[in-house]
Amino acid sequence: MKSLIIKVLLIAASLWLIWFLHNNLSSYRLSMIINIGIFAILALSYNLINGVAGQFSLEPNGFVAIGAYMTAIFIIPMDTKLDMYALTDPAPIILQMQANFPIALLAGGLASAFIAFMLSVPVFRVRGDYLAIVTLGFGFIIRIFAMNSPSYTNGAMGLNDIPDFADFRWVGSIVIITFMVMIHIIYSKYGRAMKALRDDEDAAIAMGVNTFKIKTFAFMTSAFFEGIGGGLLASFLTTITPDQFTFLLTFYLLIIIVLGGLGSMTGTLVAAIVIGFGLEELRFLDSEMVIFGFETDAHPGMRMVIFSVLLIITMLFARRGLFGDKELSEFFKRKQS
Amino acid sequence: MSSALLKIHNITMQFGGVTAIDSLSFSVKEGEIYGLIGPNGAGKTTIFNIITGNYQPTEGNVNFENEIITGTKPNIVVQKGIARTFQNIRLFKSMSVLDNILIGFHNQTHYTYLEAIFRLPRYFGHEKRIRAEAMAILDEFNLTKYANHKATDLSYGNQRKVEIARAVATKPSLLLLDEPAAGMNPIETADLSNIIHKIKRDFNLTILLIEHDMKFVNHMCDLVTVLDYGEKIFEGKPADAIVDEKVITAYLGDFTHA
C-alpha cells in the first residue's frame, strides 16, 4: 500500500514537471528534451531485450524505422501524400491509411511487435554472437526495403511534411509509461525468468522456464516501444528518410544502455539524459576558444573527441555502467538489510 | 511404495562412434534414495541428461510415472515432476537467493504477461503466495537469513544448498542430484545428508543421486548402480558394492596382472 502511494505521487510529480517544462522552456530547450525523451524511450525498450534478457541483438534501428514509417503514413494528410510521392504513385493502401496521432503511434508499435513475433522463430534459434549478426541483418533489410519500395515509403526521398504532434507532453508521458511497463516486467515472474536466462539459459530451462517464449515476450515488448518511439521521432523531426535508420542509431542506443548499466532502467534514464545534455552542452568545443590566453582555431568534431574521452573514463571507473544491473531503489534496500 | 517411479529401459547413447551408455536398465522405486556411481566418464551425467530431456537416447526409453518421457523437452520434463541440480553449481549469478528460488516457482505462478504489466490483482495474489512458499523452503534449508544476499556471495556449501532448494521449489516427485557433496568438507557433507533426508521426508521425494564419496553413498542410498564405461557392473546395496570385485577393479584398476 505504501509503495502504491509513493508510485502515484511520483507519477503525479513527473506529470506536473512535464507540463511545467512544456509551458516554461524555450523552444530550443524543449526540442532538446524532446529528443532526449525519445531516445530514453528507445533505450529503455532496447535495454529489456539486451540488458535484462541478455540477448545481444542489434536490430532496434529496424523497429524504429517500421514505427516511424507506419506513424508517418497514418498521420500525413491524404492530399499531402498525393503531392509527396514523386517517384511513383503511392500504393492505394497508403492513401487509405489515415488516423489520429495516438492511433497512429499504436499502429507503429503493433506493427513492430508483429514483425518481432515473426522474427523470433528464426532469430532465437541462435545464441550470443550469432544472434547479434542475425539481428544486424534485419536492420539492414528494413532500410533497404525502405529505399527500394517507393510506392510505400517514397524511396530515398523519404517522407516529409509529417505533422508535428510530438510535443514534450506526449513524449514525457510515454517515457513514464515505458518506464513503468519495464519496471513492472522486471519485478514479475517474466522479468525474473529473463534475468535467469541471461545468467544461465540451461539452468533456466532446467527450472521449467520456456526460454523461447520468454525471449519472444522480451523481443516483442522491446519492438513495440521502439516502434512507438520511432513514431514520435518521425512526428518530432517532421521528415524521415531511410538513411536516418542506419546502424549508427542502434549504436547510439547501445552507448546509452551500456553507460547506464545493462539491465538497469533507472540507469538508462540517467544515461539518456547525461548523453543527451552532454552532446548539446559540449558544442562550445567545436568553435574557437581561448585557453590560458591562447586563441585556438575552430575544430569541428572536437566535441565528439572530448565526449568519447569522457565516456571512456566513465566506463573505466564504472565498468558495468553507472548503475550496474540494479535499479535505483535497490541501492537503498541493500543498505537496510 | 513399491511401484517403480522411474524406469530406465535398455538405454543406449552414442556420441558419434563413442558408446557412452550401453543398453542400461534400472528402476527407481517411489520413496527410495538411489545412487548412481562409477569412475569419471562412466556416463552418469549422460543418464541425467537423458532423463531430463537434454539428450535424446540412441535407443531405449525412459518411463516416468508410467509414461514414456523420452523426447520430451527439458522444460516440460520439469513440469512432469523431475527436477535436477548440476555437477558444477549453476545458480543465477546476478540474482538474490530468494529470486533464485522464485524461478523454481515459475510454472506455479499463474498470471499472464499483461496482468504483470498492468499489475492486476492476480499478480499480487500469486506473488505473495510464492514468496511465502519460497521463504518456507529457505527455512527448510536454514538459509532464511541469506534470502536477500546475492547468490554468488554465499559459501560453496550454501550455494549447493540453494541449488537443491531451487530444484525443490519446482515441486518435483523425483529429484536428481549430480554430485551434491563434491568439494565439501566432512562437516558440510554431514549437514547436507541431514538436509537431504529431511527434504525427502517433508516434500515426499524420491531421489536419484550421482556421487563419488562412498561414505556419503553408503550413508544415504538404499540401492546403487555402478557404471563403468557405460555398462552396469553392479546393482544392489551400497554395502555390497564396496566389497564387489568388479567395482573395486573399476575404481582402482586391475591388479591381477601386476
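Conventions we followed
- Residues numbered from 1 in each chain as written.
- Chains lettered and ligands numbered in written order.
- Predicted model: local features only at pLDDT ≥ 70, side-chain atom pairs only at ≥ 80, totals over all residues.
- Heavy atoms only, no water.
- Phe/Tyr/Trp six-rings, centres within 6.5 Å; stacked < 30°, edge-to-face > 60°.
- Helix = DSSP H or I, 4+ residues; strand = E, 2+ residues; numbered from the N terminus.
- Buried < 20%, exposed > 50% of the residue type's maximum accessible area, 1.4 Å probe, protein only.
- Lys NZ or Arg CZ within 6 Å of the ring centre and 35° of its normal.
- Contact = heavy atoms within 4.5 Å.
- Core = buried A, V, L, I, M, F, W, Y, C linked by side-chain atoms within 4.5 Å.
- Expected span 1.5 Å × (residues − 1).
- Pairing = 2+ DSSP bridges.
- Axes fitted to C-alpha atoms, helices over the stretch in contact; angles between N-to-C directions.
- Salt bridge = Lys/Arg side-chain N within 4 Å of Asp/Glu carboxyl O.
- Polar contact = N/O pair within 3.5 Å; in protein donor to acceptor, adjacent residues only side chain to side chain.
- Nonpolar A, V, L, I, M, F, W, Y, C, P; charged D, E, K, R; others polar.
- Domains from an automatic or database assignment.
- Buried area = accessible area lost by both parts, 1.4 Å probe.

A short note on the packing of aromatic side chains
Two numbers describe a pair of aromatic rings. These are the distance of the centres and the angle of the planes.
Link 1 in the chain: Applying the stated rule across the entire model yields 18 aromatic pairs over all chains.
Link 2 in the chain: Aromatic side chains Phe-39 of chain A and Tyr-252 of chain A sit 4.8 Å apart centroid to centroid with 85 degrees between the ring planes, which places their arrangement in the edge-to-face category. With a gap of 213 residues between them, Phe-39 of chain A in helix α2 (residues 27–52) and Tyr-252 of chain A in helix α13 (residues 247–260) connect regions that are remote in the sequence.
Link 3 in the chain: Using a relative accessible area of 13% as the deciding quantity, one classes Phe-39 of chain A as buried.
Link 4 in the chain: A relative accessible area of 24% places Tyr-252 of chain A in the partly exposed class.
Link 5 in the chain: An angle of 15 degrees between the planes, with centres 4.5 Å apart, marks the rings of Phe-217 of chain A and Tyr-113 of chain B as stacked. With Phe-217 of chain A in helix α12 (residues 211–237) and Tyr-113 of chain B in helix α4 (residues 113–117), this pair bridges two chains.
Link 6 in the chain: Three or more aromatic residues joined by ring pairs form one cluster here, namely Tyr-190 and Phe-217 of chain A together with Tyr-111, Tyr-113, Tyr-123 and Phe-124 of chain B.
Link 7 in the chain: The ring of Phe-86 of chain B carries Arg-90 of chain B above its face, with NZ or CZ at 4.9 Å from the centroid.
Link 8 in the chain: Directly above the ring of Phe-92 of chain B sits Arg-166 of chain B, whose terminal nitrogen or CZ lies 4.6 Å from the centroid.

Re the side chain of His-126 of chain B
Link 1 in the chain: Looking at the secondary structure, you find His-126 of chain B in helix α5 (residues 121–140).
Link 2 in the chain: Sequence-distant contacts of His-126 of chain B, that is, excluding residues within four places in its chain, are made with Gln-108, Thr-109, His-110 and Tyr-111 of chain B.

Describing the nonpolar core
Link 1 in the chain: Among the nonpolar cores identified, the biggest contains 109 residues, and Leu-48, Leu-159, Met-194, Leu-232, Ile-240, Phe-245 and Met-265 of chain A are the most heavily contacted of them.
Link 2 in the chain: Not counting the four nearest positions on each side in its chain, Leu-48 of chain A is found in contact with Ala-53, Met-182, Ile-185, Met-194, Ala-218, Thr-221, Ser-222 and Met-265 of chain A together with Tyr-113 of chain B.
Link 3 in the chain: Counting 47 residues, the second-largest nonpolar core is a separate cluster that includes Ile-89, Ile-164, Ala-169 and Val-226 of chain B.

Quick look at helix α6 (residues 156–169) of chain B
Since the α-helix turns once every 3.6 residues, residues separated by three or four places project in the same direction.
All names here are of chain B.
Link 1 in the chain: The end-to-end C-alpha separation of α6 is 20 Å, in line with the 20 Å expected for 14 residues at 1.5 Å each.
Link 2 in the chain: Burial within α6 is extensive, with 13 of its 14 residues counted as buried.
Link 3 in the chain: Following α6 by one or two positions, Lys-171 adopts a phi angle in the positive range, close to 55 degrees.

Description of the sheet that holds strand β4 (residues 59–64) of chain B
Residue and element names in this part refer to chain B.
Link 1 in the chain: Across the sheet, four strands lie side by side as β2-β1-β4-β5; this open sheet has antiparallel pairing. Two strands bound the open sheet, and with one partner strand each, they are β2 (18–29) and β5 (67–68).
Link 2 in the chain: Looking at chain direction, strand β1 (residues 4–15) and β2 are connected through eight bridges and run antiparallel. In the strand pairing of β2, Ile-11 is matched with Leu-24.
Link 3 in the chain: Against the sheet, helix α1 (residues 44–51) engages β1, β2 and β4, with an angle of about 115 degrees to β1.

Topic: the interface of chain B and chain A
Link 1 in the chain: The interface is formed by 32 residues belonging to chain B together with 33 residues belonging to chain A.
Link 2 in the chain: Connecting chain B to chain A are three salt bridges.
Link 3 in the chain: Salt-bridge contacts for Asp-202 of chain A lead to Arg-90 of chain B; the nearest nitrogen and oxygen are separated by 3.4 Å.
Link 4 in the chain: Viewed at the interface, chain A and chain B are joined by 17 residue pairs in polar contact (both at pLDDT 80 or more).
Link 5 in the chain: At the level of secondary structure, the elements contributing two or more residues to the side of chain B that touches chain A comprise α2 (74–80), α3 (97–104), α4, α5 and α6 of chain B.
Link 6 in the chain: In terms of residue class, the side of chain B that touches chain A is made up of 14 nonpolar, ten polar and eight charged.

A closer look at the side chain of Gln-159 of chain B
Residue and element names in this part refer to chain B.
Link 1 in the chain: Among the structural elements, Gln-159 can be located in helix α6.
Link 2 in the chain: You can call Gln-159 buried: its relative accessible area is 14%.
Link 3 in the chain: A distance of 3.4 Å separates a polar side-chain atom of Gln-159 from the backbone oxygen of Thr-152.
Link 4 in the chain: Not counting residues up to four positions away in its chain, the partners in contact with Gln-159 are Ile-89, Leu-91, Ala-151, Thr-152 and Leu-154.

Some remarks on the domain arrangement of chain B
All names here are of chain B.
Link 1 in the chain: Each assigned domain of chain B is listed here: domain 1 (1–81 + 172–258) and domain 2 (90–170).
Link 2 in the chain: Computed from C-alpha atoms alone, the centre-to-centre distance between domain 1 and domain 2 is 27 Å.
Link 3 in the chain: Across the contact, 20 residues belong to domain 1 and twelve residues belong to domain 2.
Link 4 in the chain: Overall, the association of domain 1 and domain 2 removes approximately 1,400 Å² of surface from exposure, summing both partners, and the carbon and sulfur fraction of that is 66%.

Some details on the environment of Leu-232 of chain A
Residues and elements named next belong to chain A.
Link 1 in the chain: Within the secondary structure, Leu-232 is located in helix α12.
Link 2 in the chain: Separated by 224 residues in the primary sequence, Leu-232 and Val-8 have C-alpha atoms spaced 25 Å apart.
Link 3 in the chain: If we ignore the near neighbours within four places in the chain, the residues touching Leu-232 are Ile-38, Ile-41, Phe-101, Leu-105, Ala-166, Trp-170, Val-171 and Ile-174.

Quick notes on the sheet that holds strand β10 (residues 231–236) of chain B
Residues and elements named next belong to chain B.
Link 1 in the chain: Spatial ordering of the open sheet is given by β6-β7-β8-β3-β9-β10, a layout of six strands whose pairing is mixed. In this open sheet, the two edge strands, each paired with only one partner strand, are β6 (82–84) and β10. Direction aside, the axes of adjacent strands within the sheet are offset by 15 degrees on average.
Link 2 in the chain: Here strand β3 (residues 33–37) pairs with strand β9 (residues 223–228) via four bridges, running parallel. Within the sheet, the bridge partner assigned to Gly-35 lies in β9 and is Val-224.
Link 3 in the chain: Relative to strand β7 (residues 174–178), α6 is tilted by about 155 degrees, and along the sheet it contacts β6 and β7.
Link 4 in the chain: On the sheet, helix α10 (residues 245–252) packs against β3, β9 and β10 and is oriented at approximately 130 degrees with respect to β10.

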